[in-house]
Amino acid sequence: MTKVIKIRKGLDIPLKGKADKVKTAVGQIDEIGLSPDSFPGLTPKVVVKEGDRVKAGDALFVNKRCPSVSFASPVSGTVVSVLRGERRKVLNVVVKADSSPEYADFGVKDIETMNGRDVIEKLLSGGLFGYINQLPYAVSTTPEVLPKAIFVSALRDKPLAADFEYELLGNEYDFHTGLTALSKIAKTYLGIGRGQSAESLRRAKDVEVNIFDGPCPAGNVGVQVNHIDPVNKGEVVWTVDPTAVIFFGRLFNKGKVDLRRTIAVVGSEVKKPSYADVLVGQKINSILQGNISDGNVRIINGNVLTGKKCSTDDFLDAHASELTVIPEGDNADELLGWIMPRFRQFSTNHSYFSWLSGKKDYVLDARVKGGERRMIMSGEYDKVMPMDIYPEYLVKAIIAGDIDKMEALGIYEVSPEDFALPEFVDSSKLELQSIIRRGLDMLRKENG
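Going along each chain's sequence as written, the residues are numbered from 1 onward. Since the coordinates come from a predicted model, pLDDT governs what is reported: local features require at least 70, and pairs of side-chain atoms require 80 or more to be given and counted, while whole-chain, interface and lining totals use all residues. Based on all heavy atoms of the structure, the side-chain values leave hydrogens and waters out of the count.

### Some points on the overall build of the chain
- A run of DSSP states H or I qualifies as a helix once it reaches four residues; a run of E qualifies as a strand once it reaches two. Both are numbered from the N-terminal end. When helices and strands are counted, the chain shows 12 helices and 19 strands.
- On C-alpha atoms alone, the chain measures out to a radius of gyration of 22 Å, which is about the 22 Å that the 2.2 N^0.38 rule sets for 448 residues.
- Taken along its principal axes, the extent of the C-alpha atoms in the chain is 65 × 50 × 50 Å.
- Burial classification: accessible surface area is computed with a 1.4 Å probe over protein chains only, and a residue below 20% of its type maximum counts as buried, one above 50% as exposed, and the rest as partly exposed. Considering the chain as a whole, with its 448 residues, one finds that 57% of them fall into the buried category.
- Within the chain, residue pairs in contact and separated by at least 24 positions form 69% of the contacts whose partners lie at least 6 positions apart.
- The Shrake-Rupley method, run with a 1.4 Å probe, gives the accessible areas here. Residue values count only the displayed protein chains as cover. Accessible area of the chain: about 20200 Å², with a carbon and sulfur share of 48%.
- Two residue types count as positive, namely Lys and Arg, and two as negative, namely Asp and Glu; His and chain ends fall outside the count. Where a charge sits is defined by one atom per residue type, namely NZ (Lys), CZ (Arg), CG (Asp) or CD (Glu). Positive and negative side-chain charges of the chain, numbering 59 and 60 respectively, have mean locations separated by a distance of 1 Å. Just to be clear, the radius of gyration here is over C-alpha atoms, and the globule rule we use is 2.2 Å times residues to the power 0.38. In this description, contact between two residues means that some pair of their heavy atoms is separated by no more than 4.5 Å.

The structure is reproduced here in structure tokens:
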């Protein structure tokens, strides 16, 4: 029987620019760039060089710590560059795409006849295993330690988030195959929202379906883990983006790596917010191609709360389900500044009069509207974080570098995205997601 889990804490931020459920054509794919930064915790080792020919599915780089975990090229073509940053950090492996894709053949498999080890080996050979993340540490996982459970959240409820039900249309068979494959490894939980009515989600086989009812961040997979089977010290769970489940299913059903996905192009500065069929690592200017307003805008590679600032010359993040465009805000000229009684700006409290205006969508820009200051112990984080932890004390423990307190306060259960909403409402203007990532990396290094 499907269980309904009610989430009472959280915050839905009503932003202007949500995608209409139509698809717009994108530009021709000239080149793609796959970035190791898309896979947290990865130390990459590039296994190709400039001038090499690759097929879609061939490895571009591997996890240096676990070389069996490779990362597949989304296209066939010629490697044109390996872009590096400071201290020779690998930023992107860029491949010039062929006009007609050529796929590496990994063989069609009947998932019903396979066991968990077979599934893992298949994902490793296809260069897709690295799309699985793990808790603790919120990093791309390795097959060295098997999980006690696997979690997939099909509920996207962040501001302007893409609707997974729309992406699922036409991919139901591959999605079910991917879920069955994961269930061969460990017990698998699928989290969906109360408003999601697709039969392919509500009646998914081989997994336990749980319905989450409540505001953002009910769709965060970390929140779902916390309410179903929390992670204790010494335990591991795997978390998988629902789009990656489709990738897995295609590998078993078609015998090839097909990294096509549907993303939402959203934001108040997008002329026609809509969906687009793209490839992982596709150049962003080929997706936006004149669909953004004139003026100074901020392009975000991913969601407005958790994505990264980028330019049109960058490449789509491997886990991004949205491209978001909002005003930069650096040219704003407001009479009397903060003292004005504002009706057109969103606020989480009654300091602005916009709460009198009822429900409407707002245009928010990228300004922080204040400077970083000492941490205010106000209970702000608790109001929007539906997890059984003490978030403010955890942040203080990380800043102080107190590993024992970090463990006692539940750092094994969290990921940076769980602190996206607390960061939004934080009066102290702290970069909480960066602080949590620093704490997780510190703990991971300490535990070897």
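### Digging into the environment of Ser-70
- Along the chain, Ser-70 turns up in strand S6 (residues 66–72).
- Assessed through its relative accessible area of 11%, Ser-70 is described here as buried.
- Considering only alpha carbons, one finds Ser-70 and Gly-370, 300 residues apart in sequence, at a separation of 43 Å.
- Beyond its immediate sequence surroundings of up to four residues, Ser-70 is in contact with Ala-59, Phe-61, Val-62, Leu-124, Gly-127 and Leu-128.

### Remarks on the pairing of strand S17 (residues 297–301)
- Within S17, four of the five residues are buried, leaving the element largely enclosed by the surrounding structure.
- Any two strands are treated as partners once DSSP identifies two or more bridges connecting them. Bridge count for S17 against strand S19 (residues 322–327) is five bridges, and the pairing is antiparallel. In the sheet register, Ile-300 faces S19, and the bridge partner there is Thr-324.
- The sheet contact formed by S17 and strand S18 (residues 308–310) spans three bridges and is antiparallel. Note that in S18 the partner of Ile-299 across the bridge is Cys-310.
- The turn joining S17 and S18, which pair antiparallel and follow one another in sequence, is formed by six residues; a positive phi near 120° is taken by Gly-302.

### Thoughts on the packing of aromatic side chains
- Pairing of aromatic side chains requires ring centres within 6.5 Å, counting the rings of Phe and Tyr and the six-membered ring of Trp. Pairs whose planes differ by under 30 degrees are stacked, by over 60 edge-to-face, and all others tilted. Taken as a whole and assessed by the stated rule, the structure comprises 12 aromatic pairs.
- Summarising the aromatic geometry, the rings of Tyr-131 and Phe-247 are spaced 5.9 Å apart at their centres and angled 85° between planes, so their arrangement reads as edge-to-face. One end of the pair, Tyr-131, is in the loop between helix H1 (116–125) and strand S9 (132–135); the other, Phe-247, is in helix H6 (residues 242–254), and 116 residues separate them in sequence. For the residue pair Tyr-131 and Phe-247, the accessibility class agrees, reading buried in each case.
- Members of the aromatic cluster, connected to one another through ring pairs, are Phe-39, Phe-61, Phe-71, Tyr-131 and Phe-247.
- As a reminder, the over-ring test applies to NZ of lysine and CZ of arginine, requiring each to be within 6 Å of the ring centre and within 35 degrees of the ring normal. For Lys-256, the ring lying beneath its charged end belongs to Tyr-103, and the centroid distance is 4.1 Å.

### Quick notes on the pattern of salt bridges
- By salt bridge we mean one thing: a side-chain nitrogen of Lys or Arg within 4 Å of a carboxyl oxygen of Asp or Glu. All chains considered together, the criterion is met by 27 salt bridges.
- The salt bridge partner of Glu-167 is Arg-156, with a shortest N-O separation of 3.1 Å. In this pair, Glu-167 is assigned in helix H2 (residues 164–168) and Arg-156 in the loop between strand S11 (149–153) and H2, connecting sequence segments 11 residues apart.
- Its salt-bridge partner being Lys-187, residue Glu-208 comes within 3.2 Å of it at the nearest N-O pair. Residue Glu-208 is located in strand S13 (residues 208–213), and its partner Lys-187 is located in the loop between helix H3 (172–185) and strand S12 (188–193); the two are separated by 21 residues in the primary sequence.
- On the basis of relative accessible area, Lys-187 is assigned to the partly exposed category, the value being 47%.
- Connected via shared salt-bridge partners are Asp-174, Arg-250, Lys-254, Asp-258 and Arg-260.

### Examining the layout of surface pockets
- Detection works on a 1 Å grid of protein atoms alone, calling trapped sets that fit a 1.4 Å probe cavities and calling open sets with protein on both sides within 12 Å along at least five of seven lines pockets, with lining residues defined by an atom within 4 Å of a point. Grid points are joined across faces, edges and corners, and a volume is the space filled by probe spheres set on the points. In this model, the second largest pocket occupies a volume close to 550 Å³.
- Lining the second largest pocket are 27 residues, and of these Asp-12, Lys-18, Arg-156, Asp-157 and Lys-158 lie nearest its centre.
- Of all elements in the fold, only H2 and S13 reach the threshold of two or more residues within the lining of the second largest pocket.
- Partitioned by chemical class, the residues of the lining of the second largest pocket number 13 nonpolar, four polar and 10 charged. Polarity classes work like this: nonpolar for Ala, Val, Leu, Ile, Met, Phe, Trp, Tyr, Cys and Pro, charged for Asp, Glu, Lys and Arg, and polar for all others, with Gly in that last group.

### As for empty space enclosed by the protein
- Counted according to the given criterion, the structure contains one cavity of 30 Å³ or more.
- The volume enclosed by the largest cavity comes to roughly 40 Å³.
- Together, Lys-158, Cys-216, Pro-217, Asn-220, Leu-305, Glu-417, Asp-418, Ala-420 and Leu-421 line the largest cavity.
- When its residues are assigned to classes, the lining of the largest cavity shows five nonpolar, one polar and three charged.

### Topic: the sheet that holds strand S16 (residues 274–279)
- Within the open sheet, the five strands sit side by side as S16-S15-S19-S17-S18. Their pairing is mixed. Two strands lie at the open edges of the sheet, namely S16 and S18, each paired on one side alone. For this sheet, the mean inter-axis angle between neighbouring strands, taken without regard to orientation, is 30°.
- In this structure, strand S15 (residues 260–266) lies alongside S19, joined through three bridges in parallel fashion. The partner of Val-266 across the bridge, within S19, is Thr-324. Orientation is described by lines fitted to C-alpha atoms, with helices fitted over the stretch in contact, and by angles between N-to-C directions that extend from 0 to 180 degrees.

### Considering the nonpolar core
- Here, nonpolar core refers to any group of buried Ala, Val, Leu, Ile, Met, Phe, Trp, Tyr and Cys residues whose side-chain atoms link them within 4.5 Å. One finds Tyr-131, Leu-190 and Phe-248 to be the most contacted residues of the largest nonpolar core, which totals 64 residues.
- Tallying contributions element by element places H6 first for this core, with seven residues.
- Ala-138, Val-139, Leu-155 and Val-225 belong to the second-largest nonpolar core, a separate cluster that totals 39 residues.

### A closer look at the environment of Lys-308
- Inspection of the secondary structure assignment puts Lys-308 in strand S18.
- In this structure Lys-308 comes out as partly exposed when scored by relative accessible area, which is 45%.
- C-alpha separation for the pair Lys-308 and Lys-16, spaced 292 residues apart in sequence, amounts to 19 Å.
- Once residues within four sequence positions are removed from consideration, Lys-308 is found in contact with Asp-37, Ile-299, Ile-300 and Asn-301.

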